[in-house]
There are 2 protein chains.
Amino acid sequence: MTDQPAFVLVRPQMGENIGAAARAMWNFGLDRMRMVEPRDGWPNPRAVALASGAGRLLDQAGIFADTAAAVADCDYVYATTARTRGLTKPVVTPEQAMQEARGMIAQGRRVAVLFGPERAGLENEDIVRANAIITVPVNPEFFSLNLAQCVLLTAYEWRRGTPGIIPERIEMAGAEPASALEVEKLAEHYETRLDEAGFFFPETKAPGMKRTLRNLWSRMPLTRADVQVFHGLLRQLTRGRGDGR
Amino acid sequence: MTDQPAFVLVRPQMGENIGAAARAMWNFGLDRMRMVEPRDGWPNPRAVALASGAGRLLDQAGIFADTAAAVADCDYVYATTARTRGLTKPVVTPEQAMQEARGMIAQGRRVAVLFGPERAGLENEDIVRANAIITVPVNPEFFSLNLAQCVLLTAYEWRRGTPGIIPERIEMAGAEPASALEVEKLAEHYETRLDEAGFFFPETKAPGMKRTLRNLWSRMPLTRADVQVFHGLLRQLTRGRGDGR
């Protein structure tokens, strides 16, 4: 599989965080995980316990003795770090990085993203092996992203930018919108009954009041079911009146 | 402050998660937090301990007895939920929601985002009070976002879309790029020394070889410091040769 970037956890410490990173990746459809020298050895039962549902990523994860080996087959490597630490490298956001990565991967190139250990982050030794640095554009006054959150935001950006994945705004989830004719008939029903009830008074103001009501109905994002509800409550409210008069 | 959306934690359970949510918000410059019926009462020492650095958000958080009260002063309310649960509502991604929110807030409208309790998420009782639903576009096979992660992604989208906040790709973090003249002089230096060393052989191929080298130098993203390094190593390599001949 070279249709997605590999995420490389470099010297991860807590098994919990490895499991959480696996879940973060799989939330956004990424399943190519690699690890460099996990502190507590491998396999790690705590990681498996915390990966619930994303355990397959751990089973298939490649384990490497050093960062160079972990990215040896990759054509382009990103290093995630909060500080550039005096190294001269291109610096990109997760959004820009994943956009670039999509372009490279579409051309058959292999891309990896390095994530550092929980406490200290990546060392310069690791970062010099990368082609570019990813820095999350946080509040300059406050940086407090943990390993799984860094993985999450990067994986999110991979998926967010993938064409055809993200839906447009859905106006009426799980419901059919009412047709203009249905809305028209609803407006007429109300106008008739309100007229019978003496609502449009004084007569000089009636045309304006009717226009306001028409506009109100057409401005509402009504479903077919909504229209039936409004018909029903009007019938109920006017029972014994109107039709019978 | 009405220059940002309020994030409303509805019936949050663990103090740890409240603290983590505060940190997630403040990472992206959001500090208007509200809470509805925190399970373990308020204030909550566990929340304060976990909010390290973002404790101010908790100190200033509004505490409300129910969801209606928490959003009473808001003009537009989003509810975050993984499932639409049969309710007819517009459904948007965090990206779309925060884009809409920026537009509304710029017009002076007040926007809130509801986040449900850790286990069960928001109840329909809460969701019916919202104008629209936010659903994170996760892998359809796998949803595993915790409260702080939902808050994180939404806050991230607020900041990501704010004009002028996110930098362009920085090609040379912390370094001045070399000028074209500096690169030209470097290329000349190498060409001269290589010529002296008999590198451009046979002579018929010399023009092509020189062109290739020129192209190589100009294609490299060189800083001023890089140029000095390259001059220096060439001088060192040719010490006692070239100039002296």
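Small disclaimer: the values here were computed from a predicted structure and weren't measured. For every chain, the first residue of the written sequence is number 1, and numbering continues from 1 onward in sequence order. All chains are assigned letters beginning with A, and all ligands numbers beginning with 1, in the order in which they are written. Reporting of local features is limited, given that this is a predicted model, to residues whose pLDDT is at least 70; pairs of side-chain atoms are given and counted only at 80 or more, and all residues count toward the totals for whole chains, interfaces and linings. Note: side-chain values were computed over all heavy atoms of the structure, leaving out hydrogens and water.

Novice: How would you sum up the overall build of chain A? Please name residues and give values.
Specialist: Helix and strand assignments follow DSSP, with helices taken as H or I runs no shorter than four residues and strands as E runs no shorter than two, numbered in order from the N terminus. For chain A, the count of helices and strands is 10 helices and 7 strands. Computation of the radius of gyration draws on C-alpha atoms, with the globule rule given as 2.2 Å multiplied by the number of residues to the power 0.38. For chain A, whose C-alpha radius of gyration is 29 Å, the value lies well above the compact-globule estimate of 18 Å for 245 residues. With the C-alpha coordinates of chain A rotated into their principal frame, the extents come out at 90 × 40 × 40 Å. Each residue is assigned to one of three classes by its accessible area relative to the maximum for its type, calculated with a 1.4 Å probe on protein chains only: buried under 20%, partly exposed between the two thresholds, exposed over 50%. The buried share of chain A, reckoned over its 245 residues, is 48%. Across chain A, every contact between residues at least 6 apart in sequence was considered, and the portion connecting residues at least 24 apart equals 83%. When the accessible surface of chain A is split by element, carbon and sulfur atoms take 52% of a total near 12,100 Å². Within chain A, the 29 negative side-chain charges are centred at a point lying 4 Å from the centre of the 30 positive side-chain charges. Contacts are assigned to residue pairs with any non-hydrogen atoms lying within 4.5 Å of each other. The method behind every accessible area is Shrake-Rupley, applied with a 1.4 Å probe, and residues are considered shielded solely by the protein chains displayed. Lys and Arg are tallied as positive, Asp and Glu as negative. Neither His nor the chain termini are counted. For the purpose of locating charges, the reference atoms are NZ of Lys, CZ of Arg, CG of Asp and CD of Glu.

Novice: Describe the packing of aromatic side chains, listing the residues and the values that go with them.
Specialist: Aromatic rings from Phe, Tyr and Trp, taking only the six-membered ring of Trp, are treated as a pair when their centres fall within 6.5 Å; an angle between ring planes under 30 degrees marks them as stacked, one over 60 as edge-to-face, and anything in between as tilted. Under the counting rule described, the total for this entry stands at 15 aromatic pairs over all chains. Consider the rings of Phe 7 of chain B and Phe 115 of chain B, whose centres lie 5.0 Å apart with planes at 50°: the pair is tilted. In this pair, Phe 7 of chain B is assigned in strand 1 (residues 6–10) and Phe 115 of chain B in strand 6 (residues 111–115), connecting sequence segments 108 residues apart. The buried category is assigned to Phe 7 of chain B, whose relative accessible area is 0%. By relative accessible area, which is 1% here, Phe 115 of chain B ends up buried. Between Tyr 190 of chain B and Phe 230 of chain B, the aromatic rings sit 6.4 Å apart at their centres with planes inclined by 75°, giving edge-to-face as the arrangement. In this pair, Tyr 190 of chain B is assigned in helix 8 (residues 180–196) and Phe 230 of chain B in helix 10 (residues 224–237), connecting sequence segments 40 residues apart. Aromatic ring contacts, followed pair by pair, group Phe 28 and Tyr 156 of chain A together with Phe 28 and Tyr 156 of chain B into a single cluster.

Novice: How would you explain a nonpolar patch on the surface if you had to name every residue and give the values?
Specialist: Any residue with relative accessible area above 30% and no salt bridge may belong to a patch, with like charges joined within 9 Å and the nonpolar Val, Leu, Ile, Met, Phe, Trp and Tyr side chains within 5 Å. Whenever Lys or Arg places a side-chain nitrogen within 4 Å of a carboxyl oxygen from Asp or Glu, that contact is recorded as a salt bridge. Where nonpolar side chains cluster on the molecular surface, the patch consists of Val 229, Leu 233 and Leu 237 of chain A and spans about 290 Å² of accessible area. For Val 229 of chain A, the location among the structural elements is in helix 10 (residues 224–237).

Novice: Could you give an account of the pattern of salt bridges, naming the residues involved and the relevant values?
Specialist: Residue and element names in this part refer to chain B. Counted according to the given criterion, the structure contains 32 salt bridges over all chains. Arg 11 serves as the salt-bridge partner of Glu 123, at 4.0 Å between the closest nitrogen and oxygen. In this pair, Glu 123 sits in the loop between strand 6 and helix 6 (124–127) while Arg 11 sits in the loop between strand 1 and helix 1 (15–27), placing the two residues 112 residues apart along the sequence. Measuring nitrogen to oxygen at the nearest pair gives 2.8 Å for the salt bridge that ties Arg 46 to Glu 16. Here Glu 16 lies in helix 1 and Arg 46 lies in helix 2 (residues 45–50), a separation of 30 residues in the sequence.

Novice: If you had to explain the interface of chain A and chain B to someone new, which residues and values would you point to?
Specialist: Contact residues are listed per partner, giving 49 residues for chain A and 49 residues for chain B. Summed over both sides, the interface between chain A and chain B buries roughly 3,900 Å², with carbon and sulfur atoms accounting for 54% of that surface. Considering only the surface of chain A that becomes buried against chain B, Asn 27, Phe 142 and Arg 169 of chain A emerge as the three largest contributors, covering 17% of it. Our count for the contact surface shared by chain A and chain B stands at 4 salt bridges. For the salt bridge of Arg 160 of chain A with Glu 95 of chain B, the shortest nitrogen-to-oxygen distance reads 2.8 Å. We call two N or O atoms a polar contact when they sit within 3.5 Å, provided that within protein one can donate a hydrogen and the other can accept it, with sequence-adjacent residues counted only if both atoms are side-chain atoms. Our count for the contact surface shared by chain A and chain B stands at 16 residue pairs in polar contact (both at pLDDT 80 or more). Secondary-structure elements contributing two or more residues to the side of chain A that touches chain B are helix 1 (15–27), strand 5 (91–92), helix 5 (94–106) and helix 7 (147–160) of chain A. Broken down by element, the residue count for the side of chain A that touches chain B peaks at 7 residues, all from helix 7 of chain A. Once two parts are brought into contact, the accessible area they lose, counted with a 1.4 Å probe and summed over both, makes up the buried area.

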